[in-house]
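The lines below spell out each chain.
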Amino acid sequence: LNKAPLFEALDDQATKALRAHVSEVRLARGQSLFHEGDTGDRLYVVLEGKIKLTRMAPDGRENLLSVLGPGEMFGELSLFDPRPRTAGAIAVTECRLAGLGHDDLRPFLTAHPEVGVALLQALSERLRKTNEVMADLVFTDVPGRVAKALLDLAERFGQPGDSGLHVHHDLTQEELAQLVGASRETVNKALADFAARGWLRIEARAVVILDIERLRKR
Ligand code: CMP
């Protein structure tokens, strides 16, 4: 738990005190943790696996806000702003999460203001990223957005291998399209074009990035 940026500043004693309030949650692939609109009373830290945060349009289309991996946290908005969950959370892979009740976390934040600062840092980073995604939706074409989404996934989930940077994002083509905010066909076309140029290789629920500089330029 103290490998997560949110709690890494805590000493052993404080981590022990925190652990007393933590309950572990295990999810199978595809299992839902909560839905958009639910009442929220917990913050979660991903310990193992990947989880997606998703919003549903009235016509049933889905927008994937983010895919989170180990060390990342979610479910904090309803801590400060007690309103329904702003997104649903679904396991992309088998997951192990640490759940912390908002009622336990509030007094903990008062006793350990460094955790509050880390929480503000995480929120600022998220706002910065959201602003960028919004600007990209207006100013950047779909291939550019696909390249950016892959680079973001590579930064968090990439592992250097013999033939390139292996990015096991664990997303289906449909989910990748929902993350980029475009149709599956357009996103697939962009991926096929990148592959034809030799910038990456497409694998099942993964890509291997072969030329990261070209992808960055795109
Ligand atoms: P909460 O509203 O309690 O439950 C859904 C969670 O999704 C929310 O808290 C945030 O932790 C997370 N979330 C909401 N919007 C975004 C976003 N744009 N990017 C990443 N995570 C988000």
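Criteria and thresholds
- Residues numbered from 1 in each chain as written.
- Predicted model: local features only at pLDDT ≥ 70, side-chain atom pairs only at ≥ 80, totals over all residues.
- Heavy atoms only, no water.
- Helix = DSSP H or I, 4+ residues; strand = E, 2+ residues; numbered from the N terminus.
- Rg over C-alpha atoms; globule rule 2.2 N^0.38 Å.
- Buried < 20%, exposed > 50% of the residue type's maximum accessible area, 1.4 Å probe, protein only.
- Contact = heavy atoms within 4.5 Å.
- Areas by Shrake-Rupley, 256 points an atom, 1.4 Å probe, with all protein chains shown as cover.
- Lys, Arg positive; Asp, Glu negative; His and termini not counted.
- Charge placed at Lys NZ, Arg CZ, Asp CG, Glu CD.
- Patch = residues over 30% accessible without salt bridge, like charges linked within 9 Å, V, L, I, M, F, W, Y side chains within 5 Å.
- Salt bridge = Lys/Arg side-chain N within 4 Å of Asp/Glu carboxyl O.
- Pairing = 2+ DSSP bridges.
- Expected span 1.5 Å × (residues − 1).
- Arc of directions from axis to C-beta.

Participant: Is there a simple way to explain the overall build of the protein chain in this structure?
Facilitator: On a plain count of helices and strands, the protein chain comes out with eight helices and 12 strands. For 218 residues, the compact-globule estimate of 2.2 N^0.38 gives 17 Å, and the C-alpha radius of gyration of the protein chain, at 18 Å, lies within 12% of that figure. Overall, the protein chain is about 55 × 45 × 30 Å in size when its C-alpha atoms are taken along their principal axes. Looking at the protein chain as a whole, 40% of its 218 residues qualify as buried. Counted over contacts in the protein chain with a minimum sequence separation of 6, partners at least 24 positions apart contribute 69%. Looking at the protein chain as shown, the accessible area adds up to about 12200 Å², and 52% of this sits on carbon and sulfur atoms. In the protein chain, which carries 29 positive and 32 negative side-chain charges, the distance between the mean positions of the two groups comes to 3 Å.

Participant: For this particular structure, what's the right way to read a nonpolar patch on the surface?
Facilitator: A contiguous nonpolar surface patch, about 450 Å² in accessible area, is contributed by Val-133, Leu-137, Val-138 and Phe-139. With respect to the helices, strands and loops of the structure, Phe-139 is situated in helix H4 (residues 113–139). Judged by its relative accessible area of 70%, Phe-139 is exposed.

Participant: Would you explain the pairing of strand E7 (residues 88–91) in this entry?
Facilitator: As judged from the two bridges shared by strand E2 (residues 32–34) and E7, these two strands associate in the antiparallel manner. Paired with Phe-34 across the bridge in E7 is Ala-89. Bridging between strand E4 (residues 51–56) and E7 involves four bridges; their strand directions are antiparallel. When the sheet's bridge partners are listed, Leu-53 is paired in E7 with Ala-89.

Participant: Looking at this structure, I do not really get helix H6 (residues 173–180). What am I missing?
Facilitator: An α-helical segment advances 3.6 residues per turn. Residues three or four places apart therefore align on the same side. Taken together, the buried positions of H6 are Glu-175, Leu-176, Ala-177, Gln-178 and Val-180. On its buried face, H6 is in contact with E4, strand E5 (62–68), H4, helix H5 (142–157) and helix H7 (184–196). Gly-181 sits one or two positions beyond H6 and adopts a positive phi of about 80°.

Participant: Hey, could you run me through H7 in this one?
Facilitator: Between its terminal C-alpha atoms H7 stretches 18 Å, which fits the 18 Å expected from 13 residues at 1.5 Å a residue. Those residues of H7 that sit buried are Val-187, Ala-190, Leu-191 and Phe-194. End-on view of H7: buried residues confined to an arc of 95°, all on one side of the axis. Summarising the geometry of H7, the exposed residues directed more than 90 degrees from the buried face are Glu-185, Lys-189 and Ala-196. Packed against the buried residues of H7 are H5, H6, strand E11 (200–203) and helix H8 (212–217). Positive phi shows up at Gly-198, right after H7, with a value of about 85°.

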